[in-house]
Amino acid sequence: MNKKKRANGEGCIYKEKNGTYTVIKTIGYDANGKQLRAKRRGFKKHSEASEFSATWKATPRGTIQDLWETYLITDYLDLSEGKKKHYLTVYERLKPVWHKNIDSLDIKDLQRLIEPYESFYQQKDIKTLMSHLYNIAIAQKMTSVNLTQRMKLVKLEEKQGEPWTVAELQKFWDAYDQGDNFVGYILFMCYTGSQPEEVFGTITRSMIDYDKQVIIGSGVKTEIRRKSPLVLADDIVPVLKDLMKDSVKLWNGSKHQWYDEYRRCIKRCGVRELPPYTCRHTTGTLIANGTPTLIAQKFMRHGSSKTTERYVHPDSETLIKAINSVT
């Protein structure tokens, strides 16, 4: 091959024996200081190779950046739009190792990636994305082991959920009766156990069967919820009809608009400033009082009764009534 010298950063161009030209660039160094190079072959003219070399931003195979680019055209495409945006943010947190070859990383490198973040979920996101990149690297024989299995995350401190009180539920009904239309969404969630994502995202008119009092096909996150219907209490049917009046979707705005309106609504109603999942804890508590566990589990669309138990918060009056029934 005949080597043509070029300016720093532009790489080298070689003429192969078959008359074509090859571009080679040094694009980094591994942990041992060895040059990492990338090649592009098959240019028919030197001018074509030169033009390509001047603008080529090459990424070495096996670096975090290279594996991310592979991820973008494979498993990333199967993610929801929201998850795609989220992983773009998570990828920015990997910046300290973008240029490094994945096989040069050790457990300490991975642990340093998560140390700046105190939240369990932030650390877990980094670990999950790195695990995806490791799996790509293993499949392409760039490394042999997924070291994320050795990463130690901070302990998850789960907040105990709580339901709305009877008095707070009454405030919602009073506000709804006085014309506060948005309260209908809160009441709908409290008496169906629906997820917020279903309310502002998936529920459409075609899913609703008012005669059978069910909504079919709105479930998110788990297979059981996707297959199980939302059951409509008698009092919620007119509320749902009111919310769906002249509309194809249950909510026509964005997710952020829904959350903003939710926060304004609970302030208007004069109740505690609790998150939307409080409604689901309310459902679990309401349905579990005097209802067999299996029925409560089915209504909540849970795969396990242990999950349902986390949503049940009986008050003192209910507990006294229960103990009196067996004495």
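In the block above lies the structure referred to throughout.
Remember, it's a predicted structure, so these values are computed and weren't measured experimentally. Throughout this description, residue numbers start from 1 for each chain and increase along the sequence as written. Local features in this predicted model are restricted to residues whose pLDDT is 70 or higher, and side-chain atom pairs enter the listing and the counts only when it is 80 or higher, whereas totals over whole chains, interfaces and linings include all residues. Hydrogens are left out, water is left out, and the side-chain values use all remaining heavy atoms of the structure.

Asks: Please clarify how the environment of Lys127 should be interpreted in this entry.
Replies: Within the fold, Lys127 resides in helix H5 (residues 120-139). The sequence separation of Lys127 and Leu153 amounts to 26 residues, and the corresponding C-alpha distance is 8.8 Å. What Lys127 contacts, discounting residues up to four positions off in sequence, is Thr148, Met151 and Leu153. We count a stretch as a helix when DSSP gives it H or I for four or more residues in a row; a strand needs E for two or more, and each element gets its number in order from the N terminus. Between two residues, a contact is recorded if the distance between any of their heavy atoms is within 4.5 Å.

Asks: Is there a simple way to explain helix H6 (residues 166-177) in this structure?
Replies: Since the α-helix advances by 3.6 residues per turn, residues separated by three or four positions end up pointing in the same direction. Take the residue count of a helix, subtract one, and multiply by 1.5 Å to get its expected span. Look at H6: 17 Å from first C-alpha to last across 12 residues, which is about the 16 Å you get at 1.5 Å a residue. Burial in H6 covers these residues: Glu168, Leu169, Phe172, Trp173, Ala175 and Tyr176. Down the axis of H6, the sector holding all buried residues measures 160 degrees, keeping them to one side. Looking at H6, the residues exposed on the side facing more than 90 degrees away from the buried face are Val166, Ala167 and Asp177. The elements touched by buried residues of H6 are helix H7 (183-192), helix H10 (236-243), helix H11 (255-269) and helix H12 (277-288). Classification of residues uses two cut-offs on accessible area relative to the type maximum, computed with a 1.4 Å probe and protein chains only: under 20% is buried, over 50% is exposed, and between them is partly exposed. Comment: arc refers to directions from the helix axis out to C-beta atoms.

Asks: Got a minute to help me understand the nonpolar core in this structure?
Replies: Soluble, globular proteins show a tendency: their nonpolar side chains are buried together. Within the largest apolar cluster, 38 residues are counted, with the highest numbers of intra-cluster contacts made by Trp164, Phe172, Ile186, Phe188, Ile215, Leu250 and Trp258. Those elements giving two or more residues to this core turn out to be H6, H7, helix H8 (196-202), H10 and H11. Here the element with the most residues in this core is H7; it accounts for 7 residues. Setting aside chain neighbours within four positions, we find Ile186 in contact with Trp164, Phe172, Tyr262, Cys265, Ile266 and Cys279. By nonpolar core we mean a set of buried residues, namely Ala, Val, Leu, Ile, Met, Phe, Trp, Tyr and Cys, connected to one another through side-chain atoms within 4.5 Å. Formed by 26 residues, the second largest nonpolar core is a distinct cluster that contains Tyr71, Tyr91, Ile114 and Leu147.

Asks: How should the packing of H6 against H7 be read in this particular structure?
Replies: Helices that pack against each other are described as a pair by the angle of their axes relative to one another and the distance between those axes. Helix axes use the C-alpha atoms of the stretch in contact, all axes being lines fitted to C-alpha atoms, and the angles between their N-to-C directions lie in the range 0 to 180 degrees. At a minimum axis distance of 9 Å, the contact between H6 and H7 shows a crossing angle of 140 degrees. The orientation of H6 with respect to H7, classified from their angle, is oblique. Along this stretch, H6 crosses H7, giving a crossing that reads as left-handed. Contacts between H6 and H7 involve Leu169, Phe172, Trp173, Ala175 and Tyr176 from the first element and Val183, Gly184, Ile186, Leu187, Cys190 and Tyr191 from the second. Any residue outside Ala, Val, Leu, Ile, Met, Phe, Trp, Tyr, Cys, Pro, Asp, Glu, Lys and Arg is labelled polar, Gly included; the first ten of those are nonpolar and the last four are charged. Its residues assigned to classes, the contact of H6 with H7 shows 10 nonpolar, 1 polar and no charged. Any angle that falls under 35 degrees is termed roughly parallel, while one over 145 is termed roughly antiparallel, one within 65 to 115 roughly perpendicular, and all others oblique. When the near helix sits turned anticlockwise from the far one by under a right angle, the crossing is termed left-handed; a clockwise turn instead gives a right-handed crossing.

Asks: Help me understand the packing of aromatic side chains in this model?
Replies: Aromatic ring pairs are reported here in terms of the distance separating the ring centres and the angle at which the planes meet. Two aromatic rings from Phe, Tyr or Trp, using only the six-membered ring of Trp, form a pair when their centres are within 6.5 Å; if the ring planes differ by under 30 degrees the pair is stacked, by over 60 it is edge-to-face, and anything between is tilted. All chains considered together, the criterion is met by 19 aromatic pairs. Look at Phe200 and Trp258: their rings are 5.6 Å apart centre to centre, the planes differ by 55 degrees, and that puts the pair in the tilted class. Of this pair, Phe200 sits in helix H8 while Trp258 is found in helix H11, placing the two residues 58 residues apart along the sequence. Note on Trp258: relative accessible area 0%, which makes it buried. Considering the side-chain rings of Trp258 and Tyr262, the 5.7 Å spacing of their centres and the 15 degrees angle between planes classify their relative orientation as stacked. Of the two residues, Trp258 and Tyr262 are both situated in helix H11; the distance of 4 residues between them amounts to about one turn of the helix. Residue Trp258 shares its accessibility class with Tyr262, and that shared class is buried. Taking the ring centre of Tyr117 as reference, the NZ or CZ of Arg93 above it sits at 5.3 Å. Both a distance and an angle decide whether a charge sits over a ring: NZ of Lys or CZ of Arg must be within 6 Å of the ring centre and within 35 degrees of the ring normal. Sitting over the face of the ring of Tyr210, Lys241 holds its NZ or CZ atom 5.0 Å from the ring centroid.

Just distances and angles here, no functional claims.
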